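Fold and contact review
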Amino acid sequence: MSSSLLSSLSHCCQRRCFSFVLQHGPKGSRFLSAKASEVHHVTTDLPKPRLDYRAISESIVYKSHNAFNRKAPLPIGALQSVVHHYDEQKRLSSQLGLKRHARSNLGEKMRKIKDSIEKQAVLEEAKLLKVEITDLEQKLVAVEDILLGFALQIPNDTHPDVPIGPEEAGVVISTHGSDPIAASDNRDHMDVGRALGILDFEAGATITGSSWYYLLGEAALLEMALTNYALSIALKHGFRFVTTPDVVRADIALRCGFQPRDQNADPPVSQMYHIASSNPSHPELVLSGTAEIPLGGMFANQIFTEQVLPLKVVGLGRSFRAEAGARGADTRGLYRVHQFSKLELFVVCSEDASEQAMEELRSVQTEIFEGLNFPFRVLDMPTEELGASAYRKYDMEAWMPGRGSWGEISSTSNCTDYQARRLHIRYRRSSGTPRHTPPSSSPASTHTLKPFWHGTSSIIQWT
């Protein structure tokens with residue numbers, strides 16, 4: 001039954017901004033601090049995602065094949081539209097720069113002119129320049145909005161070792177624990193839970209609806225014990241404990257790669273629970289589908305020094321999933337529900353430490369599950385299972401005799417700079433190291449910033 005109560009999700013990614021900094025504390029542990037010299041707050045409102053249009057334009061053949069292999073819902077012509085609008089953006093930006101430079105020169109000229117007639121002529125020229133600059137600014141904003149809209153639909157790149165294909169193409173990396181016991185209907189977790197009086201699906205259905213439940217007595221205590229057990233191992237490995245908000249802005253969820261509403265479905269369906277507001281000016285709020293979202297948001301729109309990396313936190317939060325679609329025998333009971341508790345490991349590091357961080361997360365996960373002494377395996381997941389944000393993903397599956405099959409209990413993903421660029425998570429490189437070259441439309445003040453590569457791993461998802 002414990003394996004049925006275990007179910008999880010995980011991710012490993014990368015980022016570029018933060019407001020808290022990890023430092024070495026006693027016994028080598030890391031703590032979050034707020035030293036002004038190590039972290040720079042930018043603003044409370046997130047600017048538009050800052051994507052690498054040049055990289056997209058220079059690799060549209062790869063991007064096209066990659067989207068096809070991942071079965072990403074990329075609109076026809078989206079990549080070509082990115083190239084076209086990126087060229088247009090550069091053209092308009094160049095014209096705008098020249099016009100602004102001309103305006104600056106006119107200002108200098110005005111300060112030196114003494115003749116009133118000549119000064120009036122320069123003023124008229126300045127007025128015309130102002131109109132032209134305003135027109136170019138409006139056109140540039142419109143082009144940038146279209147460019148961003150197309151580019152946001154492009155999935156992350158894929159690690160070259162990732163298997164190509166559907167879920168069945170996953171490759172088993174390792175197996176752990178004792179040999180799986182024979183499948184048996186007598187071990188069905190719903191029947192066992194009801195017999196022991198520790199699960200109540202009927203009351204959950206009455207109070208809320210299908211796929212809601214109560215954990216009673218030993219089941220509720222087991223959830224707390226498993227959470228504390230996994231947390232203790234995470235703390236041992238230098239992660240700092242964080243409890244996260246369960247309500248997030250829909251925009252933050254979208255920037256993390258989660259679709260609050262699936263517009264590609266027919267009809268469109270909601271993937272998250274939306275909180276109604278009587279004030280239309282308030283930002284749209286949703287119940288978080290994973291602690292990964294508020295953990296990523298905790299670091300959004302901030303700048304860190306390279307010396308404080310990596311940043312490692314372990315978050316505990318409630319996860320809410322609308323889970324639209326029909327339910328079958330493989331998703332009955334606790335295996336797929338609308339609400340569950342989840343413990344999430346989250347690492348933010350530099351790009352050259354990304355893969356090492358992912359392997360560390362996998363090692364911590366393995367240690368947790370080996371301590372529980374049940375059979376499980378680790379798989380390198382194929383392209384069609386990566387979603388939008390993952391560059392590579394490992395799934396951990398436990399043998400569930402009541403279901404007669406393996407079932408996912410955890411996963412780890414490396415998302416490179418996919419979320420970092422969308423959340424504006426950045427770090428400032430040490431002097432003498434290569435500088436990041438931002439898109440031409442980016443402000444010059446960010447030239448010394450590099451993207452974060454962040455890793456998250458939902459180790460335990462109690463369902």
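Here is what the cut-offs are and how they apply
- Position numbers for residues start from 1 in each chain and track the written sequence from start to end.
- Given that the model is predicted, a residue must reach a pLDDT of at least 70 before its local features are reported, and side-chain atom pairs must reach 80 or more before they are shown or counted; all residues, however, enter totals for whole chains, interfaces and linings.
- Side-chain figures throughout are based on the complete set of non-hydrogen atoms in the structure, without hydrogens or water.
- Helical segments are the DSSP runs of H or I of at least four residues, strand segments are the runs of E of at least two, and each set is numbered from the N terminus.
- Note on exposure labels: buried denotes an accessible area under 20% of the residue type's maximum, exposed denotes more than 50%, and partly exposed covers the range between, all computed with a 1.4 Å probe on protein chains only.
- Contact definition: two residues touch when any of their heavy atoms are within 4.5 Å.
- To be clear on the numbers: accessible area is Shrake-Rupley with a 1.4 Å probe, and residue cover counts the displayed protein chains and nothing else.
- We treat two strands as partners when DSSP finds at least two bridges between them.
- Any Phe, Tyr or Trp ring, taking Trp's six-membered ring, that has another such ring centre within 6.5 Å forms a pair; planes under 30 degrees apart are called stacked, those over 60 apart edge-to-face, and the others tilted.
- Here an angle of 0 to 180 degrees is reported between the N-to-C directions of two axes, which are lines fitted to C-alpha atoms, with helices fitted over the stretch in contact.
- When describing relative orientation, an angle under 35 degrees is termed roughly parallel and one over 145 degrees roughly antiparallel, while 65 to 115 degrees is termed roughly perpendicular and anything else oblique.
- We call a crossing left-handed when the near helix sits turned anticlockwise from the far one by less than a right angle, and right-handed when that turn is clockwise.
- Classification used: nonpolar for Ala, Val, Leu, Ile, Met, Phe, Trp, Tyr, Cys and Pro, charged for Asp, Glu, Lys and Arg, polar for all others including Gly.
- Every helix has an expected span of 1.5 Å times one less than the residues it contains.
- Nonpolar side chains (Val, Leu, Ile, Met, Phe, Trp, Tyr) within 5 Å and like charges within 9 Å form the patches, drawn only from residues with over 30% relative accessible area and no salt bridge.
- The term salt bridge refers to a side-chain nitrogen of Lys or Arg lying within 4 Å of a carboxyl oxygen of Asp or Glu.
- pLDDT runs from 0 to 100 and stands for how confident the predictor is about each residue.
- As used here, the arc is the angular range of directions from the helix axis to the C-beta atoms.

Let's talk about the overall build of the protein chain
Counting secondary structure elements, the protein chain contains 12 helices and 21 strands. Classification of the 463 residues of the protein chain by burial places 48% in the buried group. Intrachain contacts of the protein chain at a sequence separation of at least 6 include 77% that bridge at least 24 residues. As presented, the protein chain carries roughly 22,000 Å² of accessible surface, and 54% of it is formed by carbon and sulfur atoms.

Remarks on the sheet that holds strand β12 (residues 285-287)
Read across the open sheet, the 3 strands follow the order β8-β12-β11; overall the sheet is antiparallel. If you trace the sheet from one side to the other, it starts and ends with β8 (247-249) and β11 (274-275), each paired once.

With respect to the packing of aromatic side chains
Given two aromatic rings, their pairing is described by the distance between the two centres and the angle made by the two planes. Inspection of the entire model under this criterion finds 7 aromatic pairs. An angle of 45° between the planes, with centres 6.1 Å apart, marks the rings of Y53 and Y86 as tilted. In this pair, Y53 sits in helix α2 (residues 53-57) while Y86 sits in helix α4 (residues 78-112), placing the two residues 33 residues apart along the sequence. Residue classification places Y86 among the buried residues on the basis of a relative accessible area of 5%.

Some thoughts on the packing of α4 against helix α5 (residues 116-151)
One can describe the packing of α4 onto α5 by two numbers: an axis separation of 8 Å at closest approach and a directional angle of 160°. Relative to α5, α4 is oriented roughly antiparallel. In terms of crossing hand, the pair formed by α4 and α5 is left-handed. Looking at the contact of α4 with α5 residue by residue, the classes come out as 20 nonpolar, 5 polar and 12 charged.

Looking at α4
Its 35 residues give α4 an end-to-end C-alpha distance of 51 Å, which sits within 8% of 51 Å, the value for a rise of 1.5 Å per residue. Taken as a whole, α4 has its buried residues at A78, L79, S81, V82, H85, Y86, Q89, L92, L96 and L106. Where the residues of α4 are buried, they touch α2, α3 (60-69) and α5.

Considering a nonpolar patch on the surface
Among the surface-exposed residues, I207, Y214 and L216 lie close enough to one another that they form a single nonpolar patch of about 280 Å² accessible area. If you trace the backbone, Y214 turns up in strand β6 (residues 214-215). Taking relative accessible area as the criterion, Y214 reaches 36% and is therefore assigned partly exposed.

Concerning unusual backbone geometry
Between L309 and the following residue, P310, the backbone shows a cis peptide bond with an omega angle of 0°. With respect to the helices, strands and loops of the structure, P310 is situated in the loop between β13 (302-305) and β14 (311-320). If you check the backbone angles, T416 has positive phi at about 45° while not being a glycine. Of note, T416 is situated in the loop between β18 (405-414) and α12 (418-423).

Some points on the pattern of salt bridges
The final tally for this structure, using the stated rule, is 21 salt bridges. Between E384 and K71 there is a salt bridge, with the nearest N and O atoms lying 3.6 Å from each other. Separated by 313 residues along the polypeptide, E384 in the loop between β16 (376-380) and β17 (392-400) and K71 in the loop between α3 and α4 bring together distant segments of the chain. The partly exposed category is assigned to E384, whose relative accessible area is 29%. On the basis of relative accessibility, which here comes to 52%, the residue K71 falls in the exposed class. Where salt bridges share partners, they join D52, D417 and R421 into one cluster.

What to know about the confidence of the model for the protein chain
Model confidence for the protein chain is summarised by a mean pLDDT of 82, while 79% of its residues fall at 70 or above. This stretch, residues 432-456, has a pLDDT under 50; its non-local contacts, to residues over four places away or in other chains, come to 105 contacts.

Quick look at the pairing of β16
Within β16, 5 of the 5 residues are buried, which leaves the element mostly enclosed by the surrounding structure. Burial along β16 is two-sided: the residues F376, V378 and D380 and R377 and L379 are all buried. Here 5 bridges tie strand β4 (residues 171-176) to β16, and the two strands are oriented antiparallel to one another. Note on β16: the bridge partner recorded for V171 is D380. Sheet topology note: the β16/β17 ladder contains 5 bridges and is antiparallel. Within the sheet, the bridge partner assigned to V378 lies in β17 and is M396.

Here's the deal with α3
Buried within α3 are the following residues: K63, N66 and A67. Within α3, the buried residues cover an arc of 100° as seen down the axis, which keeps them to one side. Exposed side of α3, more than 90 degrees from the buried face: V61, H65 and F68 are the residues found there. Where α3 is buried, its residues touch α2 and α4. Positive phi appears at K71, one or two residues downstream of α3, with a value of about 55°.

A look at the packing of helix α8 (residues 218-236) against helix α11 (residues 354-372)
Two elements in contact, α8 and α11, have axes whose closest approach is 10 Å; the angle formed by their N-to-C orientations is 140°. With respect to α11, the axis of α8 lies oblique. As for how α8 packs across α11, the hand of that crossing is right-handed. For the pair α8 and α11, the contacting residues are L226, Y229, A230, I233 and K236 in the first and V364, E367, I368, G371 and L372 in the second.

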